[in-house]
Amino acid sequence: MAAERKGGIEIFKVAGIQVAIDYSWLVIFALILWSLASGYFPKEYPGYSTGIYWLVGLVATILFFGSVLAHELCHAAMGNRLGEGVHRITLFIFGGMAELEHEPTSGIDELKIAAVGPLSSIVMAGIFWLIAREVGAAPATALWKAVFSYLAFINLALALFNLLPGFPLDGGRLLRAALWMRWGDLRRATAAAADWGNTIAWGLIAFGAMEIFAGALVGGMWLIFIGLFLRSAASSGYQSMIVEQALSGARVREIMVRDPIVLGPDETVADAIENYFLRYGFGGFPVAADGKVLGVVALAQVRECPASERASRRISEVMRPAEGTIEIAPGAGVIDAIRQMVAADIGRLLVVDDGKLVGLITRTGVMRYVHTKTQLSAPASTAA
């Protein structure tokens with residue numbers, strides 16, 4: 001059964017790796033199916049019924065996304081083999097992404113993880129080409145030959161596109177790996193590869209604009225969208241690396257708010273707003289009684305309580321109960337805390353030591369720490 005979560009729909013697991021689809025994937029799946037079934041196949045191979053075109057279009061679309069998934073699974077398998085930890089793959093509007101727990105530990109590991117994806121696509125292109133060759137061109141099988149020929153072409157195109165030397169494409173990661181091994185500086189190598197990614201992105205946008213002026217509206221728009229996506233991904237990929245470097249080795253106890261202000265479970269929502277949220281300006285507070293941690297209440301839960309009920313409802317009724325997903329030990333890594341916040345869809349975690357509340361760690365606090373650390377490590381001429 002598919003499981004919904006923030007950012008996508010989880011559909012199944014392969015070798016312990018969760019496969020999910022972003023909501024945008026549904027749009028591109030429908031568009032590719034429609035373009036193959038009502039455009040490409042009828043135009044290139046006329047004479048078949050509408051039902052047959054939609055059948056082969058559906059098969060081609062499913063196998064195309066199966067190829068994208070296989071590409072990402074190869075990245076994930078290599079990452080896990082090298083100890084990088086890949087537990088989730090997300091398919092989205094422009095392809096897929098294997099989500100590594102952290103940056104590779106060396107340039108050679110980065111090279112291996114990046115190279116295996118395009119290599120798998122080239123292998124799949126060869127397999128589909130051999131199948132198309134064996135199917136033959138008889139009238140009864142000509143349309144199926146076309147399906148496998150299309151899949152051979154699209155996998156080769158996928159491999160070549162991913163080999164463009166712009167981060168975070170596979171080619172950009174290969175470039176980063178080479179520069180990392182040459183310079184010994186991950187940050188510098190990532191910045192250089194991201195600059196290449198931005199250059200390629202602007203090239204795609206410019207080429208897309210030229211296509212539109214030449215009359216190819218749909219193709220031009222796709223190139224522009226891909227360019228915009230690549231530009232955004234290059235920037236966010238570099239920023240993610242900066243954040244990970246800043247938080248490397250940092251522990252929750254170093255960043256947490258010690259002795260946080262605590263709400264009682266019997267406080268009314270109205271009193272909590274007046275005496276805590278408005279007074280201190282924080283986005284959330286731990287809830288405890290008699291030394292026992294009961295949960296956490298955030299502005300989101302308070303806001304969801306109807307104004308007419310705030311004077312009568314208690315904090316215990318609206319808070320998020322204490323559980324493992326919102327608690328963390330003081331010795332845990334800050335990066336682990338961020339991942340836990342994202343997984344629990346919460347902006348703060350209770351720091352608990354031997355059953356006792358010792359602090360609170362928030363996304364805002366972590367971002368302040370990252371900003372300060374990156375500013376202190378930046379050259380004086382570039383520090384803001």
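All values reported here derive from a predicted model rather than from experimental measurement. (Residues numbered from 1 in each chain as written. Predicted model: local features only at pLDDT ≥ 70, side-chain atom pairs only at ≥ 80, totals over all residues. Heavy atoms only, no water.)

## Brief notes about the pairing of strand E11 (residues 348-353)
Short version of the rule: Under the scheme applied here, a residue whose accessible area is under 20% of the maximum for its type counts as buried, over 50% as exposed, and between as partly exposed, the area being computed with a 1.4 Å probe on protein chains only. Going along the chain from the N terminus, every DSSP run of H or I of four or more residues is numbered as a helix, and every run of E of two or more is numbered as a strand. Only strands that DSSP links by at least two bridges are regarded as paired with each other. By convention, orient the strands away from the viewer: a clockwise path from the first strand over the helix to the second makes the crossover right-handed.
The buried count for E11 comes to 5 of 6 residues, which makes it a mostly enclosed element. Two strands pair when backbone bridges link them, and strand E10 (residues 327-328) and E11 are joined in this way by 2 bridges, in the parallel orientation. Its bridge partner lying in E11, Glu327 is registered against Leu350. Crossover handedness for the path E10 to helix H12 (residues 334-344) to E11: right-handed. Bridge count for E11 against strand E12 (residues 356-362) is 6 bridges, and the pairing is antiparallel. Directly across from Val351, in E12, lies its bridge partner Gly359. Counting the residues that bridge the hairpin from E11 to E12 gives 2 residues, and of these Asp354 lies at a positive phi of roughly 55°.

## Examining the sheet that holds E11
Strand order in this open sheet of 4 strands is E6-E12-E11-E10, and the pairing throughout is mixed. If you trace the sheet from one side to the other, it starts and ends with strand E6 (257-258) and E10, each paired once.

## Re the environment of Gly365
Relative to the elements of secondary structure, Gly365 occurs in helix H13 (residues 363-377). For Gly365, a relative accessible area of 13% corresponds to the buried category. It is 46 Å that separates the C-alpha atoms of Gly365 and Glu211, two residues lying 154 residues apart in sequence.

## Focus on the packing of helix H3 (residues 107-135) against helix H4 (residues 142-162)
Note the cut-off: Lines fitted to C-alpha atoms define the axes, with helix axes restricted to the stretch in contact, and inter-axis angles between N-to-C directions lie between 0 and 180 degrees. Orientation categories follow fixed angle ranges, with anything under 35 degrees roughly parallel, anything over 145 roughly antiparallel, 65 to 115 roughly perpendicular, and all other angles oblique. The hand of a helix crossing depends on one turn: near helix anticlockwise from the far one by less than a right angle means left-handed, and clockwise means right-handed. Contact between two residues is taken to exist if any of their heavy atoms lie within 4.5 Å; hydrogens are not considered. Ten residues, namely Ala, Val, Leu, Ile, Met, Phe, Trp, Tyr, Cys and Pro, are considered nonpolar, four, namely Asp, Glu, Lys and Arg, are considered charged, and the remaining ones, Gly among them, are considered polar.
Taken N-terminus to C-terminus, the directions of H3 and H4 make an angle of 160°; their axes are 8 Å apart at the nearest point. Considered as vectors, H3 and H4 are oriented roughly antiparallel to each other. H3 and H4 meet at a crossing whose hand is left-handed. Counted together, Pro118, Ser121, Ile122, Met124, Ala125, Phe128, Trp129, Ile131, Ala132, Arg133 and Val135 of H3 and Lys145, Phe148, Ser149, Leu151, Ala152, Asn155, Leu156, Leu158, Ala159 and Asn162 of H4 form the full contact between these two elements. Its residues assigned to classes, the contact of H3 with H4 shows 15 nonpolar, 4 polar and 2 charged.

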